[in-house]
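Per-entry structural report
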Amino acid sequence: MKVYADNAATTKISKTALDAMMPCYTEIYGNPSSLHQVGQEAFHAVRDAREMMAKCLNCDTDELYFTSGGSESDNWAIKGAAHLMAKKGKKHIISSKFEHHAVLHTLNALEKEGFEITLLDVYENGLVKVEDVKNAIREDTALVTVMYANNEIGTVQPIREIGAVCREKGVLFHTDAVQAVGHIPVDVKADNIDMMSLSGHKFHGPKGIGALYCKKGIRLPNLIEGGAQERNRRAGTENVPAIVGMAAALKEACDNMEENTKKLVAMREQLINGILKIDASRINGDRDHRLPGNVSACFEGVEGESLLLYLDLAGISASSGSACTSGSLDPSHVLLAIGLPHEVAHGSLRLSICEENTPEQMDYIIEQLPPIINRLRDMSPLWERIQNERK
């Protein structure tokens, strides 16, 4: 059996999105900036896609800017807001210790420019406390940026409450919602969000396309100078097929969210219950305040990368919380941030499922995991030490 359980990394493009994109390659192929009919057809396609997405997010069309993806949107929002507020003498930024590297590395770059960064704790349950945000805000605070849902452990943050605190204090609030949009209800107005990043390939849209929501009245510095695209803020010919595909995918995700959530939560709990039957296992992050399709677990005495390779041999595509993709031997900063010791964090596994997965596939994962973990533990000096300590 083949099981794809790495949807937090990327999703398969949906038929709805692909069908929406195809005419943009063969019929509506003009440049949206051209005045002739072929160009105007492309212009209208982009306009309609923006309107479609704005309705899904409850924002105005002129508050939505198309980008190349979540990382670009994060960079634009954070650097732009920082430089904007620095002109007013505000150079303090608040974030959390387990943000995506697109946020953390951007903050590192700003720190080198003289900005002061405060990274909040997230505690064992993987949640940022609203009170901590409130207490960290100062007179010179320029921006608060806290992710909507964590990309590794799937915990959903109290965004609406954090946004309310920022509104009360007159501080800009940005959220990296790359893992949240298309999976849980997101309403930028009700959630008190000033800026929000999202990426199409996380909800069955194409890769290489994303968006930044920026509340009306916030005048971020231009991202790319050149032409007049994206209302003179981000130059470059629009990627019409990808924009149209992302909008179609988001609408489909939002239209079917309630039904998909019920299915996903049932399969998620099926996985969690099966995993917790394995000796010396744990689920990472809050059990209830988490994405419908996310399961993050750790197994003592197991090395995460080896676990992934054995699962792959069994036809199961998953990922680890460790930073193996960057060539680092260090465990995930997310797992360390919630207080896990290095030796436990090394044995992490992230299973991220979508509505195309089935309960039978969950049974297969649960069936395959125990013998693989036992095999790895038999080869592990660490597991032998853990067993001796237990005795």
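Now for a quick tour of the structure. (Residues numbered from 1 in each chain as written. Predicted model: local features only at pLDDT ≥ 70, side-chain atom pairs only at ≥ 80, totals over all residues. Heavy atoms only, no water.)

Focus: helix α1 (residues 15–26)
- Taking 1.5 Å per residue, twelve residues should reach 16 Å; α1 reaches 17 Å between its end C-alpha atoms and fits that length.
- The set of residues buried in α1 consists of A17, M21 and C24. Considered in projection along α1, the buried side chains sweep an arc of 45° and stay on one side of the axis. Residues of α1 that are exposed and angled more than 90 degrees away from the buried face: K15 and T26.
- Buried residues in α1 make contact with α8 (240–255). (Helix = DSSP H or I, 4+ residues; strand = E, 2+ residues; numbered from the N terminus. Expected span 1.5 Å × (residues − 1). Buried < 20%, exposed > 50% of the residue type's maximum accessible area, 1.4 Å probe, protein only. Arc of directions from axis to C-beta. Contact = heavy atoms within 4.5 Å.)

Details of the sheet that holds strand β4 (residues 116–120)
- With mixed pairing, seven strands are arranged side by side in an open sheet as β2-β8-β7-β6-β5-β3-β4. Strands at the two margins of the open sheet, each flanked by one partner only, are β2 (64–67) and β4. Averaged over all adjacent pairs, the angle separating strand axes in this sheet is 20°, with direction ignored.
- In this sheet, strand β8 (residues 210–214) lies alongside strand β7 (residues 195–199) in antiparallel orientation, the contact comprising five bridges. Note that in β8 the partner of M195 across the bridge is C214.
- With respect to the sheet, helix α2 (residues 37–57) is in contact with β2, β7 and β8, its orientation differing from that of β2 by roughly 115°.
- Together, β2, β3 (92–96), β5 (141–145), β6 (172–176), β7 and β8 form the strand contacts of helix α3 (residues 70–86), whose direction differs from that of β7 by roughly 165°. (Pairing = 2+ DSSP bridges. Axes fitted to C-alpha atoms, helices over the stretch in contact; angles between N-to-C directions.)

Here's the deal with empty space enclosed by the protein
- For the structure shown, the criterion picks out two cavities of 30 Å³ or more.
- Computed from the structure, the largest cavity encloses a volume of approximately 170 Å³.
- Together, 14 residues line the largest cavity, and Q179, H183, L291, G293 and I353 are the ones closest to its centre. (1 Å grid on protein atoms, 1.4 Å probe; cavity = no way out; pocket = protein on both sides within 12 Å on 5 of 7 lines; lining within 4 Å. Points joined across faces, edges and corners; volume = space filled by probe spheres on them.)

Structural notes on the layout of surface pockets
- In this structure, the second largest pocket spans a volume of roughly 300 Å³.
- What lines the second largest pocket is a set of 14 residues, among which F43, V46, R50, R231 and E238 lie closest to the centre.
- If you list the elements that add at least two residues to the lining of the second largest pocket, you get α2 and α7 (229–232).
- It is α2 that contributes the most residues to the lining of the second largest pocket, five residues altogether.
- By residue class, the composition of the lining of the second largest pocket is four nonpolar, three polar and seven charged. (Nonpolar A, V, L, I, M, F, W, Y, C, P; charged D, E, K, R; others polar.)

Focus: the pattern of salt bridges
- One pass over the full model with this rule turns up 17 salt bridges.
- Note that D19 and K15 form a salt bridge whose closest N and O atoms lie 2.7 Å from each other. Taken together, the residues D19 and K15, both in helix α1 and four residues apart, mark about one turn of the helix.
- Classification of K15 by relative accessible area gives exposed; the value is 63%.
- Among the salt bridges present, the one from D60 reaches K216, with a minimum N-O distance of 3.1 Å. Of the two residues, D60 sits in the loop between α2 and β2 while K216 sits in the loop between β8 and α7, which places them 156 residues apart along the sequence.
- Where salt bridges share partners, they join D60, D62 and K216 into one cluster. (Salt bridge = Lys/Arg side-chain N within 4 Å of Asp/Glu carboxyl O.)

Let's talk about the environment of L64
- Note that L64 resides in strand β2.
- Separated by 296 residues in the primary sequence, L64 and E360 place their C-alpha atoms 40 Å from one another.
- Apart from residues no more than four positions distant in its own chain, L64 is found in contact with R50, M53, A54, L57, C59, A211, L212, Y213, E230 and R231.

Focus on the nonpolar core
- Counting 64 residues, the largest nonpolar core has M53, V144, Y148, V181, M196 and L198 as its most contacted members.
- I275, I283, A318 and I365 belong to the second-largest nonpolar core, a separate cluster that totals 29 residues. (Core = buried A, V, L, I, M, F, W, Y, C linked by side-chain atoms within 4.5 Å.)

Topic: the pairing of β8
- Burial within β8 is extensive, with five of its five residues counted as buried.
- Both faces of β8 are covered, namely the face carrying G210, L212 and C214 and the face carrying A211 and Y213.

A closer look at the sheet that holds strand β9 (residues 281–283)
- Within the open sheet, the three strands sit side by side as β9-β10-β12. Their pairing is antiparallel. Two strands bound the open sheet, and with one partner strand each, they are β9 and β12 (348–352). Taken pair by pair, the neighbouring strands of this sheet meet at an average axis angle of 25°, ignoring direction.
- Direction of pairing for β9 relative to strand β10 (residues 294–299): antiparallel, over a ladder of three bridges. Directly across from S281, in β10, lies its bridge partner F299.

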